[in-house]
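# Working through the structure, step by step
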Amino acid sequence: MVCRRPAGYNGARMKIRSVPLAAASRGPLVFVLAADGGVPDGGPTLRAAIAAAKATGDLLTGARKVSLFHQPPRSACKRLGFVGCGPRAKICTEPLRRIAAVAQAAAEKAAVADFALLVPRAAIGDVDAEAAGRAIAEGLRLGAYVYAPPRRQKPKARSGQSCRIAAVGFAKAAAAAFARGLVAGRIAAEATVFARDLENQPSNICTPTRLASAARSLAGGRLRVKVLDRAAMAKLRMQALLGVARGSAEPPKFLVLEYRVPGARKNACVVGKGLTFDTGGISIKPAAKMDEMRYDMCGAGAVLGLFHALAHGGLGAHKPKHNLIGLIAATENAIGPSAQKPGDVVTAMDGHTIEVLNTDAEGRLVLADAICYAQKFFDPAVMVDLATLTGAVVTALGHEMAGIMGNDQKVIDALIAAGKAADEPLWQLPLWDCHRDQVKSKFADLANINGPAHGNGSTAGGAFLSYFVGDTPWAHMDIAGAAYGGLHKDYYKGGAAGTAVRTLLQWARTL
Ligand code: BES
Ligand code: MN
Ligand code: ZN
């Protein structure tokens, strides 16, 4: 099936490629990364021009500072630019990602189609060469992304969408690692942009059906995609998911993405909450900022981003021992005449009955059936779910990190480590038996909320999910805060962040 991009899609891929130093030393604009102290090493072609720029006293090395020097006619490059990296000791992957995004923005502002970026050995400080390459490619691509809203006027073609990169003064092995990092970073960023673009679309454009076609657009090679419709879900008795979908005319979809790793015998399931809009249902949300509930499919966005990366070679040379299975429960939570009502009791696929005390705690309902589906058809060795599950996690942790909890410290630690490597911080919250006790119900096996007196909103959500997970090693990531609304940081300019795509890809490589 052909995937038709919705109106606003900022589809053109950015070109990011490693080239030999000589090829990156010429053109309309060459940027050199410049750490504090000494003259930046841009190689032989630009040595004199860089020394001359330095001698003016106007070459800025403060972190993210840009300085531009127009070159005399017939020079190798028309403009020689620098992006400062600050003191060497402070350089790590997150600043490099931002610095690369600053270079891209400056190239776009300079209205050049294509630019070059020279990365002297000193500019990456003590950062591992591959990690530096990854961060730089990510910064370039993520920085270039802006959501292009549907407008009458077609968006103009944009400058600065092609970049040639060369490492300068790297040892041979480090140069190779840096180039590998660039490829990995480009794939991770392209996947993140894919997720961001789905996440940013309004709910009447990015429907469950649209998510299904986005998933199908990734199928091929080792990746199989299956889509269940309402009837198929009813056959499987996914009544917790369908109970949420009842309130909307928009058809729900359940997406199954299977990436087969040669030789792998075990399965790792990655489950995403795909609420393309959450009104709250009968337990309706307040009007203010309700439009932001378009982002309630960001768990699904993360899963689709992961599979975008897998479909485009995101594992690189890594050979995980697990197949990767993506499961997405996609629906709206709306308030039509058939909407479920507070107090209704539904039965999940595994037989657990659930008292729906609050129709706005719908994420855990759809995830319950998605987790049951994973158990029944994939018997996972490890499972992770991602969801914009609770406002409480925003209160607890804000927008700069996601919450993580689960039943297996090794799985949690592996994800926290992956998040660290991707510069997407995760903070662990407890998930104890006392939390599990809070979601037992008088009128069913489980209630979908704990009492208002309990206070703990996020861990109650995790505790509810844990009943469906059973003994499977599992972690739950609550990305309600991290998914959107964070600080703007050069490679993120507001809206949906494509959160957790990079983390999941890092994690998948270690499975
Ligand atoms: N999608 C929301 C959670 C959310 C809130 C995401 C704010 C992003 C920003 C979720 O479905 C929800 O409504 N959760 C309720 C649960 C409550 C009823 C127990 C909440 O957090 O208020
Ligand atoms: Mn809700
Ligand atoms: Zn929700």
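Quick summary incoming for the structure in this document. Quick caveat, the model's predicted, so the values are computed rather than measured.

All right, on to the packing of helix α2 (residues 93–109) against helix α3 (residues 129–144) then. Remark: α2 packs on α3, axes separated minimally by 7 Å, with the N-to-C direction vectors making an angle of 40 degrees. When the interaxial angle is binned, α2 and α3 end up oblique. For α2 against α3, the interelement crossing comes out right-handed. Judged by residue contacts, Thr 93, Leu 96, Arg 97, Ala 100, Ala 101 and Gln 104 of α2 engage Ala 131, Ala 132, Ala 135, Ile 136, Glu 138, Gly 139, Leu 140, Gly 143 and Ala 144 from α3. Among the residues forming the contact of α2 with α3, the class breakdown is nine nonpolar, four polar and two charged.

Reference values for angles at a metal are 109.5 degrees in the four-donor tetrahedral case and 90 or 180 degrees in the six-donor octahedral case. Every protein donor of the manganese ion (ligand 2) is listed here as Asp 278 (OD), Asp 360 (O), Asp 360 (OD) and Glu 362 (OE), and their distances to the metal cover 2.0 to 2.2 Å. Coordination geometry of the manganese ion (ligand 2): the six donor atoms subtend angles of 71 to 168 degrees at the metal centre, consistent with an arrangement described as irregular. Donor residues binding the manganese ion (ligand 2) come from one chain and are separated in sequence as D-x81-D-x1-E. The distance between the manganese ion (ligand 2) and the zinc ion (ligand 3) is 3.2 Å, with Asp 278 acting as a donor to both metals. You can see Asp 278 sitting in strand β9 (residues 266–278) and its partner Asp 360 sitting in the loop between β12 (353–356) and α9 (363–378), a full 82 residues away along the chain.

It is worth spelling out the sheet that holds strand β1 (residues 15–18) at this point. Each strand in a sheet pairs with its neighbour through backbone hydrogen bonds, running either in the same direction (parallel) or in the opposite one (antiparallel). If you trace the six strands from one edge of the open sheet to the other, you get β1-β6-β5-β2-β4-β3, paired in mixed fashion. Bordering the open sheet on either side are β1 and β3 (66–70), each of which pairs with just one other strand. Each neighbouring strand pair of the sheet contributes to a mean axis angle of 20 degrees, computed without reference to strand direction. For strand β2 (residues 27–35) and strand β5 (residues 114–120), the ladder comprises three bridges, and the chain directions are parallel.

Once that is clear, we can look at the pairing of strand β6 (residues 162–168). A regular strand places its side chains so that they alternate between the two faces of the sheet. Here β6 lies mainly inside the structure; six of its seven residues are buried. In the sheet, β5 pairs with β6 via seven bridges, with the strands oriented parallel. Bridge assignment links Val 119 to a residue of β6, and that residue is Ala 167. Read as a crossover between parallel neighbours, the route from β5 over α3 to β6 is right-handed.

What follows concerns the packing of aromatic side chains. Per the counting criterion, the structure on display carries eight aromatic pairs. A ring pair is formed by Phe 254 and Tyr 373, whose centres lie 4.8 Å apart and whose planes are at 55 degrees; its orientation type is tilted. Taken as a pair, Phe 254 in strand β8 (residues 253–259) and Tyr 373 in helix α9 lie far apart in primary sequence, 119 residues in all. This pair shows no difference in class: Phe 254 is buried, exactly as Tyr 373 is. Ring geometry for Tyr 373 and Phe 377: centres 4.5 Å apart, planes at 45 degrees, overall tilted. Here the residue Tyr 373 and the residue Phe 377 both occupy positions in helix α9, the gap between them amounting to four residues, near one helical turn. A relative accessible area of 40% means that Phe 377 is categorised as partly exposed. Members of the aromatic cluster, connected to one another through ring pairs, are Phe 254, Tyr 373, Phe 377 and Phe 378. Between the NZ or CZ atom of Arg 97 and the centre of the ring of Tyr 491, over which it lies, the distance is 5.7 Å.

Right, let's get into helix α1 (residues 47–56). If you check which residues of α1 are buried, you get Ala 49, Ile 50 and Ala 53. The arc that holds the buried residues of α1, viewed along the axis, is 100 degrees, so those residues lie on one side. The exposed residues of α1 that point more than 90 degrees off its buried face are Ala 48 and Ala 55. Where α1 is buried, its residues touch β2, β3 and β4 (77–86). Just downstream of α1 lies Gly 57, where phi reads positive at about 80 degrees.

Criteria and cut-off values
- Residues numbered from 1 in each chain as written.
- Chains lettered and ligands numbered in written order.
- Predicted model: local features only at pLDDT ≥ 70, side-chain atom pairs only at ≥ 80, totals over all residues.
- Heavy atoms only, no water.
- Axes fitted to C-alpha atoms, helices over the stretch in contact; angles between N-to-C directions.
- Helix = DSSP H or I, 4+ residues; strand = E, 2+ residues; numbered from the N terminus.
- Parallel < 35°, antiparallel > 145°, perpendicular 65-115°, else oblique.
- Left-handed = near helix turned anticlockwise from the far one by under 90°.
- Contact = heavy atoms within 4.5 Å.
- Nonpolar A, V, L, I, M, F, W, Y, C, P; charged D, E, K, R; others polar.
- Donors = N, O, S within 2.8 Å, 3.2 Å for Na, K, Ca; no water.
- Tetrahedral: all angles 85-135°; square planar, octahedral: opposite > 155°, others 65-115°.
- Pairing = 2+ DSSP bridges.
- Buried < 20%, exposed > 50% of the residue type's maximum accessible area, 1.4 Å probe, protein only.
- Right-handed = clockwise from strand over helix to strand, strands pointing away.
- Phe/Tyr/Trp six-rings, centres within 6.5 Å; stacked < 30°, edge-to-face > 60°.
- Lys NZ or Arg CZ within 6 Å of the ring centre and 35° of its normal.
- Arc of directions from axis to C-beta.

Function cannot be read off these values alone, since they describe shape.
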